[in-house]
Amino acid sequence: MKKKLRLKKRYKNLLLLIILLTIIVFIPIGYKMYLENQLMKLKYSKGAISEILKQKELDTVKKIGYSETVDKAFSTGKFQKKYLESYLELTYVNHENYFENVHQLLDLGYSEIEVSLIVTHGSNSEVKKFLSHEKAEDIKAFLSIDFAKLENYDRYVNYQIEERTDEEETVLLVNIGFDRGYYENPNMVKTYSDTILVNKFNQLEEDFIPPDLVSVSEDYAVDDEQKLQKIAYDAFIKMANEAKKEDLHLLVNSSYRSFQDQVGTYQFYEELYGTNYVNRYVTKAGFSEHQTGLAIDVKARDVNVFANSNEFTWMKENAHLYGFVMRYPEDSEHITGCAYEAWHYRYLGVELATYLYENNMTYEEYYVRFLDK
Ligand SMILES: [Zn+2]
């Protein structure tokens, strides 16, 4: 009997221990899981949840619901409660120093909308650099234009004063490079692509040679010295053959020109017609689209002035169907930097050429708006 009693007592102690353990260990764990679950339901990330609980900000977060910026602020350990209201209005960008930058910009007196515009239009380091800029007053005017660049901000401000154009035009022209003038401090173009942009602001290296040059058949050229990138050549042949069906005869008058060729061309015309002429009609070596192997000066077989030919009329309406655009249209010198050239076509591929044709847009404008990000 005594033994049984003792056993009973032992069981009782064990039971008590289990109950105690449950209270001490499992209830807090369960409670934590319950809190975590509430945050998970709000879609907060794991990293953010543990910080939110650690900093005892559950009630704050429950009040505001989910915010990507708040989530990242917690999960990166950068959360500061005094900026909470601002976090809710800020666009989050995956920059290394996003929160340091944003906190500083807010301290400088920028509104949440302005801060969002600043961080979405520049890289992490550009934003950091911008922090040493004195407080800018017209952020919205320029940076609400979606292809604006933070790094060009001062150039927009200066150009706007000088030229008094509207903001979108200012951003467009500055991004092209017009505030700097032709050949000044150009962007060096190092890699070839079918959408390569070469103009008086974007220069090719002296030794740049396009990768896929082929000789143009004499049946389609004025002489046997013409070369083109294969993709442009194939498109030209297709186009010339279609034109031929309508008794129109397109010939390659000038095509790929090396850096050295262009040096010669420039000198030749400068001596012949003077500086004013070459400034408008001939580009300096490295700045000519002919060095890409994707540009063609077209000639009509039987007419001397291309602009007066039926071939020209046909090309105006059909060139884009083969991937070509008239690169320097009338009245666009202020965007292309080149005077009207009825004969100069550039291969850009059917899709892009069709877009430019349908929207009556130059390639410079397209490039700035859509490719130069
Ligand atoms: Zn040309």
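Structure shown above.
The paragraphs below set out a description of the structure included in this document.

Definitions and limits used
Starting afresh in each chain, residues are numbered from 1 along the sequence in its written order. Thresholds applied to this predicted model are a pLDDT of at least 70 for local features of residues and 80 or more for the giving and counting of side-chain atom pairs; totals over whole chains, interfaces and linings are not thresholded and use all residues. Put simply, DSSP marks the helices as runs of H or I at least four residues long and the strands as runs of E at least two long, and each gets a number from the N terminus on. We take the radius of gyration over the C-alpha atoms and set the globule estimate at 2.2 Å times the residue count to the 0.38 power. Our exposure labels follow a C-beta count within 10 Å of each residue's own C-beta, placed from the backbone: buried means 20 or more other C-beta atoms, exposed means 12 or fewer, and partly exposed covers the counts in between. Contact between residues is assigned whenever the C-beta positions, reconstructed from backbone atoms, fall within 7 Å. Strands are labelled as partners when DSSP assigns at least two bridges between them. Axis geometry follows a simple rule: fit a line to the C-alpha atoms, using only the stretch in contact for helices, then measure angles between N-to-C directions, giving values from 0 to 180 degrees. For this classification, under 35 degrees means roughly parallel, over 145 means roughly antiparallel, 65 to 115 means roughly perpendicular, and everything else is oblique. For any helix crossing, the convention is left-handed if the near helix is rotated counterclockwise from the far helix by under a right angle, and right-handed if that rotation is clockwise. Ten residues, namely Ala, Val, Leu, Ile, Met, Phe, Trp, Tyr, Cys and Pro, are considered nonpolar, four, namely Asp, Glu, Lys and Arg, are considered charged, and the remaining ones, Gly among them, are considered polar.

The next point concerns the overall build of the chain. Of the regular secondary structure elements, the chain holds 18 helices and eight strands. Here the C-alpha radius of gyration of the chain, 33 Å, is well above what a compact globule of 373 residues would show, namely 21 Å. Projecting the C-alpha coordinates of the chain onto the three principal axes gives extents of approximately 125 × 50 × 35 Å. Burial analysis of the chain (373 residues in total) assigns 35% to the buried set. Considering only intrachain contacts with a sequence separation of at least 6, the fraction spanning at least 24 residues in the chain is 56%.

Judged by pairing direction, the sheet is antiparallel, and its four strands sit side by side in the order β5-β6-β8-β7 without closing on themselves. With partners counted over all chains shown, the strands left at the sheet margins are β5 (250-254) and β7 (324-328), one partner each. Put simply, the sheet's adjacent strands are angled 50 degrees from each other on average, direction ignored. The pairing of strand β6 (residues 295-300) with strand β8 (residues 341-347) spans three bridges and is antiparallel. Among the inter-strand pairings, aspartate 297 is bridged to a residue of β8, identified as histidine 344. Seen against the sheet, helix α15 (residues 310-318) touches β5, β6, β7 and β8 and runs at an angle of roughly 140 degrees to β6.

This part is about the environment of tyrosine 44. Locating tyrosine 44 in the fold gives a position in the loop between α1 (2-41) and α2 (46-54). By C-beta crowding, tyrosine 44 is classed as buried, having 23 other C-beta atoms within 10 Å. Each C-alpha atom of the pair tyrosine 44 and asparagine 199 lies 49 Å from the other, and the pair is 155 residues apart in sequence. Once you skip the residues sitting within four places of it in the chain, tyrosine 44 turns out to touch Leu39, Ile49, Ile52, Tyr66 and Asp71.

Before going further, it helps to examine the packing of helix α6 (residues 98-107) against helix α7 (residues 112-120). In the contact formed by α6 and α7, the axes pass within 10 Å of each other and the chain directions differ by 140 degrees. With respect to each other, α6 and α7 are oriented oblique. The crossing of α6 and α7 is right-handed. Residues Tyr98, Asn101, Val102, Leu105 and Leu106 of α6 form the contact with α7, whose own contacting residues are Val115, Ile118 and Val119. Residues of the contact of α6 with α7, tallied by class, amount to seven nonpolar, one polar and no charged.

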